[in-house]
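Inside the fold
Given next are the chains, with one letter for each unit.
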2 protein chains.
Amino acid sequence: MPVTRHIPESTIRRISHYLRALEILESQEATTVSSEELAQRGGTTAAQVRKDLSHFGSFGKRGLGYSVAELADRLRDILGLKCRWRVVLVGAGRIGSALFEYPYFVQRGYDCVAVLDSDPEKIGMSWGPVRIRPVEELELVISSLKGDIVILAVPPEAAQDLADRAVEAGVRAILNFAPVQLRVPAEVHVTYVNLVLELEALSFAITQAGSRT
Amino acid sequence: MPVTRHIPESTIRRISHYLRALEILESQEATTVSSEELAQRGGTTAAQVRKDLSHFGSFGKRGLGYSVAELADRLRDILGLKCRWRVVLVGAGRIGSALFEYPYFVQRGYDCVAVLDSDPEKIGMSWGPVRIRPVEELELVISSLKGDIVILAVPPEAAQDLADRAVEAGVRAILNFAPVQLRVPAEVHVTYVNLVLELEALSFAITQAGSRT
DNA sequence: CCTAGATTGTGACTAATTTCACAAGCGACT
DNA sequence: AGTCGCTTGTGAAATTAGTCACAATCTAGG
Ligand SMILES: NC(=O)c1ccc[n+]([C@@H]2O[C@H](COP(=O)([O-])OP(=O)(O)OC[C@H]3O[C@@H](n4cnc5c(N)ncnc54)[C@H](O)[C@@H]3O)[C@@H](O)[C@H]2O)c1
Ligand SMILES: NC(=O)c1ccc[n+]([C@@H]2O[C@H](COP(=O)([O-])OP(=O)(O)OC[C@H]3O[C@@H](n4cnc5c(N)ncnc54)[C@H](O)[C@@H]3O)[C@@H](O)[C@H]2O)c1
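This report concerns the structure included in the present document. (Residues numbered from 1 in each chain as written. Chains lettered and ligands numbered in written order. Predicted model: local features only at pLDDT ≥ 70, side-chain atom pairs only at ≥ 80, totals over all residues. Heavy atoms only, no water.)

**Side note on the overall build of chain A**
Helix and strand counts for chain A stand at 9 helices and 10 strands. Seen through its C-alpha atoms, chain A measures out along the principal axes to roughly 60 × 50 × 35 Å. Sorting the 213 residues of chain A into buried and exposed places 46% on the buried side. Taking contacts inside chain A between residues at least 6 apart in sequence as the whole, the part at least 24 apart equals 57%. Just so you have it, chain A exposes about 10300 Å², and 52% of that area is on carbon and sulfur atoms. (Helix = DSSP H or I, 4+ residues; strand = E, 2+ residues; numbered from the N terminus. Buried < 20%, exposed > 50% of the residue type's maximum accessible area, 1.4 Å probe, protein only. Contact = heavy atoms within 4.5 Å. Areas by Shrake-Rupley, 256 points an atom, 1.4 Å probe, with all protein chains shown as cover.)

Quick look at the structure:
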């Protein structure tokens, strides 16, 4: 891999898409794929695919395309999917339980090592092999189970405080479902899932399209 | 509102954030706000806030800032939140039910007018006032209930087919939770929620940061 | 009425990202 | 070995997004 310069966020997103496309191709027992085909499946252009990949090295064979298995392997490496990640889930509500039961995360290397909540009715319940713990144990859980990633699926009022505590306990990555902007030190990475925002993007687009003259 | 040129997607996202910030300010009974303050709450810079707003007109008073109530009103207008949207939810599984029960959608103007599924065990069940219908009724529901937005919370294999049917029935906007890129005509708007992708962005970032020399 | 202090709106500049275009490289076939 | 068809990798060009700096303009207060 070449010297790691800054890689655009959008490139990473597309790399994820390419990997998913490659996995489908793998299951169909395709052995090679062209940038053109990857582009179609990933919803972009062939030139973009090649540019994205060129940030990390050159993995293809001219005249032939990319080896499906080899490229998939390289992309997993790039995305950090060669190891398993320990995820701590905070908030055992609707979103939390949907995530917990989603099998694809485990398949991709994300193991939910602990679930925490503040609701006395939920604490102590068992979700499969995992028992829901009181949220007071957050720091303990992160340090003792070596949590890498915290998922916040809690009400917006609670999110910042929990983020602070998680960061303090050493977590470097947070996935936040609460519709608030978290304030964290620069070395901590946060991604957001904000469903209302997605709907608003849609209603803006429809309104806009309709009112165009 | 000035002639509607192309507005960056990222501007729309930020506008959503500003609106959320303004609603919090409204509840705290603030009457005016500066671009600087909005920027802090929205996680961006003051210049960006002003640039974003300038795409749509000029809403502030120099020397004073923006009227909280007035700006919120204008942003709701821009985002198309002045009317109620009729949402058709396809897939009454884990994600579907979490969405259905989320009160903030209704508060923001998105009403779930129908829920559909293909599972005979689920069809006929009542979710509050809504009865789960067979997915065969998709076209009927969209046209008779005038659905504006379809949410796809179904397995990836089913998503493209359902999207095609929804588009055929006249839907102009789709929110897709299935991890596949949908192929739709250009006039149809699609947004994606892809949780695995968010986690992958995080594991990339952590891996990257660690290996930096 | 006039000045001081604050904050917007915007055009020029800078940075980032995407698209383009094509030389270079590979395999297959003769 | 030589040629042909195809596809990558990549610098350069074009486009798009974001930052900066400041004139314009508002309120408040004397
Ligand atoms: N449900 C949705 O469809 C949806 C959509 C968009 C955004 N969200 C956001 O996702 C977050 C979770 O939503 P949800 O629908 O799962 O909510 P929920 O109310 O179903 O679950 C929240 C859980 O967090 C727990 N909790 C509250 N305070 C806590 C604390 N301090 N520490 C630990 N746990 C705490 C609660 O006991 C509850 O179990 C919210 O911020 C919500 O705004 C949800
Ligand atoms: N649960 C998660 O945390 C999560 C995370 C990321 C992505 N997703 C994606 O979201 C989608 C939904 O996930 P889920 O966890 O809710 O799945 P789920 O299995 O709980 O629910 C899917 C629902 O869709 C229904 N369905 C299947 N085929 C259908 C069809 N042709 N027409 C109508 N309904 C049909 C099923 O009966 C089921 O009720 C999937 O594409 C999944 O990959 C889920």
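**Some points on the site of ligand 1**
Looking at ligand 1, there are 24 residues lining it, with Ile95(A), Asp117(A), Lys122(A), Val154(A) and Tyr102(B) nearest. One finds residues of chains A and B in close proximity to ligand 1. Ser118(A) places a main-chain nitrogen or oxygen 3.3 Å from a nitrogen atom of ligand 1. Measuring from an oxygen atom of ligand 1, one finds a side-chain N or O atom of Tyr102(B) at 2.7 Å. In isolation ligand 1 offers 820 Å² of accessible surface; the protein chains occlude 85% of this area. For the shell around ligand 1, the secondary-structure elements that each account for two or more residues are helix H5 (94-100) and helix H8 (156-168) of chain A together with helix H5 (94-100) of chain B. By residue class, the composition of the shell around ligand 1 is 17 nonpolar, 3 polar and 4 charged. (Near = heavy atom within 4 Å. Polar contact = N/O pair within 3.5 Å; in protein donor to acceptor, adjacent residues only side chain to side chain. Nonpolar A, V, L, I, M, F, W, Y, C, P; charged D, E, K, R; others polar.)

**Some remarks on the pattern of salt bridges**
Residue and element names in this part refer to chain A. Across all of its chains, the model carries 28 salt bridges over all chains by this definition. Note that arginine 76 and glutamate 26 form a salt bridge whose closest N and O atoms lie 3.4 Å from each other. Of this pair, arginine 76 sits in helix H4 (residues 68-78) while glutamate 26 is found in helix H1 (residues 9-27), placing the two residues 50 residues apart along the sequence. A relative accessible area of 30% places glutamate 26 in the partly exposed class. (Salt bridge = Lys/Arg side-chain N within 4 Å of Asp/Glu carboxyl O.)

**So, the sheet that holds strand E3 (residues 65-67) of chain A**
The strand order across the open sheet formed by 3 strands is E1-E3-E2 (chain A), and the pairing between neighbours is antiparallel. Bordering the open sheet on either side are strand E1 (32-33) and strand E2 (60-61) of chain A, each of which pairs with just one other strand. (Pairing = 2+ DSSP bridges.)

**Remarks on the protein's contact with DNA strand C**
Taken together, 23 residues lie around DNA strand C, and Ser35(B), Arg50(B), Gly60(B), Arg62(B) and Tyr66(B) are the ones closest in. The share of sugar and phosphate among atoms of DNA strand C within 4 Å of the protein is 64%. Contacts to DNA strand C include Ser35(B), whose side-chain N or O atom sits 2.6 Å from a phosphate oxygen. The separation between a phosphate oxygen of DNA strand C and a polar main-chain atom of Gly60(B) is 2.9 Å. Mapped by element, the contributors of at least two residues to the surface near DNA strand C are H1 and helix H3 (46-54) of chain A together with helix H3 (46-54) of chain B.

**A look at the packing of helix H1 (residues 9-27) of chain B against H3(B)**
All names here are of chain B. For the pair H1 and H3, the least separation of the axes is 10 Å and the interaxial angle reads 110°. By the criterion of interaxial angle, the relationship of H1 to H3 is roughly perpendicular. Taken together, the residues of H3 that come into contact with H1 (itself represented by Thr11, Arg14, Ile15 and Tyr18) are Gln48, Val49, Asp52 and Leu53. Residues belonging to the contact of H1 with H3 are distributed by class as follows: 4 nonpolar, 2 polar and 2 charged. (Axes fitted to C-alpha atoms, helices over the stretch in contact; angles between N-to-C directions. Parallel < 35°, antiparallel > 145°, perpendicular 65-115°, else oblique.)

**What to know about the site of ligand 2**
Around ligand 2, a shell composed of 24 residues is seen, among which Tyr102(A), Ile95(B), Asp117(B), Lys122(B) and Val154(B) lie nearest. Residues within reach of ligand 2 are spread across chains A and B. Contact distances for ligand 2 include 2.9 Å between an oxygen atom and a side-chain N or O atom of Arg94(B). Protein burial of ligand 2: of its 810 Å² of free accessible surface, 85% is covered by the chains.

**Points about the relation of the copies chain B and chain A**
Superposing chain B onto chain A requires a rotation of 180° together with a translation of 0.1 Å along the rotation axis, leaving an RMSD of 0.1 Å. One copy is carried onto the other by what is essentially a two-fold rotation axis. A share of 100% of interface residues in chain B that are also interface residues in chain A marks the association as one of identical surfaces. (Least-squares fit on C-alpha atoms with pLDDT ≥ 70 in both.)

**Here's the deal with helix H2 (residues 35-42) of chain A**
Residue and element names in this part refer to chain A. Within H2, burial applies to Ser35, Leu38, Ala39 and Gly42. Buried residues of H2, viewed axially, fall in a sector of 105°; they line one side. On its buried face, H2 sits against H1, E1, H3, E3 and H4. Two residues or fewer past H2, glycine 43 is found with a positive phi of approximately 70°. (Arc of directions from axis to C-beta.)

Geometric values such as these leave the question of function open.
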